[in-house]
Structures are given as C-alpha cells and as structure tokens.
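Listed below are the residues making up each chain.
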Amino acid sequence: MAIDRKAFPRELEDEAIYILREAAAQFEKPAILFSGGKDSITVVRLAQKAFYPGKIPFPLVHIDTGHNFPETIEFRDELVKKTGLDLIVGYVQDDIDAKRVSEEKGKFASRNGLQTATLLRTIEENKFDACIGGARRDEEKARAKERIFSVRDEFGQWDAKSQRPELFDYLNGRIKPGENVRVFPISNWTELDVWNYIREEELAIPSVYFAHQRHIIQREGVLWPVSDFIYRDAEETIEEKTVRFRTVGDMSCTAALASDASTIDQIIDEILSATLSERGTRLDDKRAEAAMEMRKVNGYF
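Residues numbered from 1 in each chain as written. Predicted model: local features only at pLDDT ≥ 70, side-chain atom pairs only at ≥ 80, totals over all residues. Heavy atoms only, no water.

Chemist: Sorry if this is basic, but what is going on with the pairing of strand β7 (residues 212-219) here?
Modeler: The two faces of the sheet receive side chains in turn, since in a regular strand these alternate between them. Here β7 pairs with strand β9 (residues 239-244) via five bridges, running antiparallel. Paired with Gln 213 across the bridge in β9 is Thr 242. Across four bridges, β7 lies against strand β8 (residues 222-225) in antiparallel orientation. Bridged to Ile 216 within β8 is Pro 225. With antiparallel pairing between neighbouring strands as the criterion, β7 and β8 make up a hairpin whose turn holds two residues, including Glu 220 at a positive phi of roughly 55°. (Pairing = 2+ DSSP bridges. Helix = DSSP H or I, 4+ residues; strand = E, 2+ residues; numbered from the N terminus.)

Chemist: I keep staring at unusual backbone geometry and nothing clicks. Help me out?
Modeler: Peptide bonds are trans in most cases, and residues, glycine excluded, mostly fall at negative phi. The omega torsion of the bond from Tyr 52 to Pro 53 falls at 5°, within 30 degrees of zero and hence cis. Structurally, Pro 53 can be placed in the loop between α2 (38-51) and β2 (60-64). Look at Glu 202: it is not a glycine, yet its phi comes out positive at around 55°. Tracing the backbone shows Glu 202 in the loop between α6 (191-201) and β7. Assessed through its relative accessible area of 72%, Glu 202 is described here as exposed. (Buried < 20%, exposed > 50% of the residue type's maximum accessible area, 1.4 Å probe, protein only.)

Chemist: How should I be thinking about the pairing of β9 in this particular structure?
Modeler: Both β9 and strand β10 (residues 257-258) contribute to a ladder of two bridges, which runs antiparallel. Its bridge partner lying in β10, Val 243 is registered against Ala 258.

Chemist: I'm lost on the environment of Arg 152 in this one. Help?
Modeler: Tracing the chain through its elements places Arg 152 in strand β5 (residues 149-152). The class for Arg 152 is buried, based on a relative accessible area of 0%.

Chemist: It is not clear to me how the packing of α6 against helix α7 (residues 264-272) should be interpreted in this structure. Could you clarify?
Modeler: Between two packed helices, the angle of one axis relative to the other and the distance separating the axes together describe the packing. As a packed pair, α6 and α7 sit with axes 10 Å apart at the nearest point and diverge in direction by 165°. Viewed along their axes, α6 and α7 adopt a mutual orientation that is roughly antiparallel. Both α6 and α7 take part in a crossing whose hand is left-handed. Across the interface between the two elements, Glu 191, Leu 192, Trp 195, Asn 196, Ile 198 and Arg 199 of α6 pack against Ile 264, Asp 265, Ile 267, Ile 268, Ile 271 and Leu 272 of α7. Counted by class, the contact of α6 with α7 contains eight nonpolar, one polar and three charged residues. (Axes fitted to C-alpha atoms, helices over the stretch in contact; angles between N-to-C directions. Parallel < 35°, antiparallel > 145°, perpendicular 65-115°, else oblique. Left-handed = near helix turned anticlockwise from the far one by under 90°. Contact = heavy atoms within 4.5 Å. Nonpolar A, V, L, I, M, F, W, Y, C, P; charged D, E, K, R; others polar.)

Chemist: Just to check I follow, could you spell out the confidence of the model for the chain for this structure?
Modeler: Regions with low pLDDT carry predicted coordinates that are not meant to be interpreted in detail. On average, residues of the chain score 86 in pLDDT, and 85% of them are at 70 or above. Ranking the helices and strands of the chain by mean pLDDT puts strand β3 (residues 87-91) first, with 98, and helix α8 (residues 291-297) last, with 49. Low pLDDT, under 50, characterises residues 285-293; the predicted model gives this stretch 22 contacts beyond four residues in sequence or across chains. (pLDDT = per-residue confidence, 0-100.)

If you want it as structure tokens, here you go:
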C-alpha cells in the first residue's frame, strides 16, 4: 500500500516568520544557534524569508565540540560562504584546555554535555540576549514544556515553573539584566513537517542524512560510526554497512540507522513507518530518563 505523503502546512511557516520578526524587534542582540542539522538549516531558510530582501540581521553561532561529522562542518562553511552570514564558533576544546570542564573517559565518553559551558561562555562574551534554535516540542518530553520565548536566568539555567504563559500570539521578550531567552520558531513543527519543508523548499542538507556506506561498530545493538573520537574495544570489529543518520550531533553520541533511503521522499516514507523516535538514535538521551531536562536546567539550549 502506498504511503500518503502530506504537503507542508504553510501556516507553520507564517508562524515561524512572525516569531523571527518578533525576536528581531524585541531583543537587542539575537543569534541563531546553528548545528548544521536539518532543523537549524530550516531556521536559516525561514530567517531568509522573514527579512528578505535584506540580510538576516543576526549571526550564526556554532558550538563546536571538535567531534563533529566532517560532512556537517563542510556544509556549515559552504552555507556561510553562499549566504554571507557572520559565523561565530565557540570551541569546547578551549574550555577543556582552560580546565573549565573535564573531558569524559571510557567506553561511552562524549563531549556533548560539555557544550553547555561553551554555549554559556559564548553567549556572555558576545552579549547575546536571545538565541534562536531549531528545537521542536515533538522531539522529547522535556522539549514539550518549552515556551517559544523560553527564559533562562542569569546563570543560563532553565526552570519549567518560571516560564511565562504564552496566550495567542503574545510573545513577551522582556527580561531582567543578565537573563537570556531561547527562541524556538519551529517549536510547533514535527519531524515530518521539517522534512516536507526541506522537500518543498529544495533545501540542501548534509550528506550524512542520506544512505551511504560507512564503517561502523555494533555495541549493545547500536550502530556507532567509526572515528578517532570514539572509544573502541579490541574485540569490537569494524564493519561496513549502508546507513544514514536521522539526527546529527556530536559523533560520540549520535548513532547510525541501517537504511537504504537515499532521497527525501524515501526518508519521509521511512519516518512514516518508523517505530523508533527521532531521538532514539541519540545516545546522550539514554543516560537517564530525564537526561534532556537535566541538561536544559544546566543551560543547554
């Protein structure tokens, strides 16, 4: 039976453009948090539309763990070159070298959690009062608690109980000195909405989202990409499989998915029939039931 692919609901684009324009109007120095993933790429396209024919009035900020997919970094640099946008990079390695954070060791070591310190430092150094991200409420239960204008305190921390009600289209950007707001223009989108938008807008995305041959190791039923960044036991054998990545983050916490989906339509069909959630391949979410919420409380975007 053929799978029914639905068209992208354009009212979601209208809402996102409204949110981006509100962020530009209400905050003095916003920035777009850019990971090189599909969601942040979508936010960049929306910002282009929101401020056309002018240039996007805020920079891209990438928090670089040093353990990124090379394909993502190449895509980021090419996008910046094509758009002429300013790019600010915060390096996790700088915080490790300065002993502000300690690198994890062992079989499941990851730098993903270390991004928080680098993000907060980058916000402080550049005096950003709003950071625009591509998080969506359907990703994870902690994300479902987010407001579109999500207030963080002077320490960058998030408290679900202190979030403001958002009635109709009223977005309250008033903050106290030292506070910061995370802005989520695609908060009400789903994973399928993003992919349908990418298809209809014909957006370029990193090649890791499509099926490709890659060296992997299997550990506890998970396909890990082989990299100098990832610990490997002597008995763990390297295999070559056809895989893709459903979500793109730090290589040390992003598992591959066995897949033959090499086109946008095939990816959409695969998602429609999937039994695993989008973040089911994000190993950092498996550390604890409330892993995402704990990271957000500490200042994660």
